[in-house]
Amino acid sequence: LVRQACAMLFRAQVPFTFLPVGHAYYQQPLRAESLARFQYVITACDVGQLVAGDQEVLATVQDDTLVVPIGQVDAADLADFAPLRVWAPEGIVALPRIGAGKAGDRLVIHLLDRTKRPEPTPLKWISILLRDAALGKRAVKSVVWHAPGAPSIPLETERFEDGLRVLIPQLGIWGIADVTFE
């Protein structure tokens, strides 16, 4: 089930983190501060099977965080938690990461071609929608594309109702969209 949940999160473009919690072989209780930055928590078992202290921590965050046992994860619900949307053939994966520099002034998006095409030829005109819900109130200053063996180029953007569309002219095996905020 854990592998299936990870695959669903990956396909939905939802970044995720593992928080190991245990009490039988090692002591690692669940802490509310660990959950503060999350909107969606998937438990590896039914919440009722957790020790009382971990259940109490989950109860304190349930007003702001959706807590779902792993067997009840719905792929359709995950789309609301994706910071971006990718318009490309299935198998193109975007991995958003906070970039170097001043805290929060850059977002680095790694794009990977994981399609199972027999002869990978570069794909043209892939789009990424940077969702306003994930960007918050930050305005995008620039987006630059970096690809192996090619010069870095500024990317075109287009304002949509729910975010900023970034147009990527060509994707080989992988590349990086470097988003700088004002």
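First things first, this report covers the structure right here in the doc. Bear in mind the structure is a predicted one, so any value in this text is a computation, not a measurement.

## Structural notes on the layout of surface pockets
Here is step 1 of the chain: Of the pockets and cavities examined, the second largest pocket occupies roughly 450 Å³.
Here is step 2 of the chain: Taken together, 20 residues form the lining of the second largest pocket, with Arg11, Gln13, Glu90, Gly91 and Ile92 sitting closest to its centre.
Here is step 3 of the chain: Looking at the lining of the second largest pocket, the elements that each hand over two or more residues are α1 (2-11), β3 (84-87) and β4 (92-98).
Here is step 4 of the chain: A per-element tally of the lining of the second largest pocket places β3 first, with four residues.
Here is step 5 of the chain: Classifying every residue of the lining of the second largest pocket by side-chain character gives eleven nonpolar, three polar and six charged.

## A word on the pairing of strand β9 (residues 156-160)
Here is step 1 of the chain: The pairing of β9 with strand β10 (residues 163-171) spans five bridges and is classified as antiparallel. Paired with Phe160 across the bridge in β10 is Gly163.

## Observations concerning the sheet that holds β9
Here is step 1 of the chain: One open sheet holds the four strands; their spatial order is β3-β6-β10-β9, and the pairing between them is antiparallel. On the outer flanks of this sheet lie β3 and β9, each paired with one strand and no other. When the angles between neighbouring strand axes are averaged without regard to direction, this sheet yields 25 degrees.
Here is step 2 of the chain: With eight bridges joining them, strand β6 (residues 123-131) and β10 adopt antiparallel strand pairing. Bridge assignment links Lys124 to a residue of β10, and that residue is Gln170.

## What to know about unusual backbone geometry
Here is step 1 of the chain: The phi torsion at Trp125 lies on the positive side, around 55 degrees, for a residue other than glycine.
Here is step 2 of the chain: One can find Trp125 in strand β6.

## Notes on helix α3 (residues 52-61)
Here is step 1 of the chain: Taken together, the buried positions of α3 are Asp54, Val57, Leu58 and Val61. Seen end-on, α3 carries its buried residues on one side only, within an arc spanning 95 degrees. α3 presents Ala52, Glu56 and Thr60 as exposed residues on the side facing more than 90 degrees away from its buried surface.
Here is step 2 of the chain: Contact partners of the buried residues in α3: α2 (32-35), β1 (40-43) and β2 (66-69).

## Digging into the packing of aromatic side chains
Here is step 1 of the chain: For the structure on display, the rule yields two aromatic pairs.
Here is step 2 of the chain: For the pair Tyr40 and Phe81, a centre-to-centre distance of 4.8 Å together with 50 degrees between the ring planes defines the contact as tilted. In this pair, Tyr40 sits in strand β1 while Phe81 sits in the loop between α4 (75-78) and β3, placing the two residues 41 residues apart along the sequence.
Here is step 3 of the chain: You can call Tyr40 buried: its relative accessible area is 13%.
Here is step 4 of the chain: Ring plane angle 35 degrees and centroid distance 5.7 Å describe the contact between Trp87 and Phe160, whose orientation is recorded as tilted. Of this pair, Trp87 sits in strand β3 while Phe160 sits in strand β9, placing them 73 residues apart in sequence.
Here is step 5 of the chain: With relative accessibility at 35%, the residue Trp87 sits in the partly exposed group.
Here is step 6 of the chain: The ring of Phe181 has Arg138 lying over it, and the distance from NZ or CZ to the ring centre is 4.1 Å.

About the cut-offs
Residues numbered from 1 in each chain as written. Predicted model: local features only at pLDDT ≥ 70, side-chain atom pairs only at ≥ 80, totals over all residues. Heavy atoms only, no water. 1 Å grid on protein atoms, 1.4 Å probe; cavity = no way out; pocket = protein on both sides within 12 Å on 5 of 7 lines; lining within 4 Å. Points joined across faces, edges and corners; volume = space filled by probe spheres on them. Helix = DSSP H or I, 4+ residues; strand = E, 2+ residues; numbered from the N terminus. Nonpolar A, V, L, I, M, F, W, Y, C, P; charged D, E, K, R; others polar. Pairing = 2+ DSSP bridges. Axes fitted to C-alpha atoms, helices over the stretch in contact; angles between N-to-C directions. Buried < 20%, exposed > 50% of the residue type's maximum accessible area, 1.4 Å probe, protein only. Arc of directions from axis to C-beta. Contact = heavy atoms within 4.5 Å. Phe/Tyr/Trp six-rings, centres within 6.5 Å; stacked < 30°, edge-to-face > 60°. Lys NZ or Arg CZ within 6 Å of the ring centre and 35° of its normal.

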